[in-house]
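Residue-level structural notes
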Amino acid sequence: MTQVIPDREIIDATQNAVLSAASDMAEVFGRTAQELENAEPFYMSAEFWVGLTFVLTIVCLLKPVGRIILQKLQQRGKDIADRIKEAADLKEEAQKLLADYERKFRGAEKEAADILARAERETDMVKKETLAKLEAEMAAREKEAQSRLKATEVSAANEIAQKTTDLTMATVRKILAESLDNKAQGELIDASIENLQKLV
């Protein structure tokens, strides 16, 4: 199973390897220079071949390691670009949501104003209807009261007239009884009977 090395660790390891190789090469070149002074050919020295092998190994490793580092950097750049795009998409979506909520809020304010205006109109209408019903009921009751009062007045007038008639008749009878004798009373009764007969 391949072990995944983090990007930073790969870069650090590569830098350390290059620095170490440069140090080793400097040391090898120093020793080679000293050996050249001793007049021994450099290609006859084991250290030269070790250094050359090491340099070739580093050169051979630099290409795949460089490719890995480049791939990692490209992947990192792609991830950053994706995050930037995602952040831009989120920002755009948030702006759309904000505009949508602002539009809904304005619509809700208008709807609330319409509801309030409708409620006020309905309240005024109910007030007017209730007032009209109350006025009609008051007028009907006033008319009924006037009718009852008039009927009571007529009844009272009739009762007063009846009592006045009864009282007058009683008074007339009393006066006639006291002032007329039996003969005159009989004649008066006969005359009254005749008058009634004529009326009939």
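Look a little higher up for the structure.
Described in the following lines is the structure provided in the data block. Residue indices follow the written sequence of each chain, beginning from 1 at its first position. Selection of residues for local features in this predicted model requires a pLDDT of at least 70, selection of side-chain atom pairs for listing and counting requires 80 or more, and totals for whole chains, interfaces and linings are taken over all residues. Hydrogens and water are ignored here; the side-chain numbers use all heavy atoms of the structure.

**Topic: the pattern of salt bridges**
Keep this limit in mind: We define a salt bridge as a contact between a side-chain nitrogen of Lys or Arg and a carboxyl oxygen of Asp or Glu at a distance within 4 Å. Think of it this way: any DSSP run of H or I at least four residues long counts as a helix, any run of E at least two long counts as a strand, and we number them from the N terminus. Accessibility here uses a 1.4 Å probe with only protein chains present; expressed as a share of the type maximum, an area under 20% marks a residue as buried, one over 50% as exposed, and anything in between as partly exposed.
Applying the stated criterion across every chain yields a total of nine salt bridges. Here D82 makes a salt bridge to K78, at a shortest N to O gap of 3.4 Å. Taken as a pair, D82 and K78 lie in helix α2 (residues 46-179) at a separation of four residues, close to a single helical turn. Owing to a relative accessible area of 38%, D82 belongs among the partly exposed residues under this scheme. On the basis of relative accessible area, K78 is assigned to the partly exposed category, the value being 48%. Its salt-bridge partner being R103, residue D100 comes within 2.7 Å of it at the nearest N-O pair. Linking D100 with R103, this pair stays in helix α2, spanning three residues, or about one helical turn. Residue class for D100 comes out partly exposed when judged on its relative accessible area of 22%. Put simply, D100, R103 and K104 are held in one network by salt bridges that share partners.

Everything listed here is a matter of coordinates, which is why it stays silent on function.
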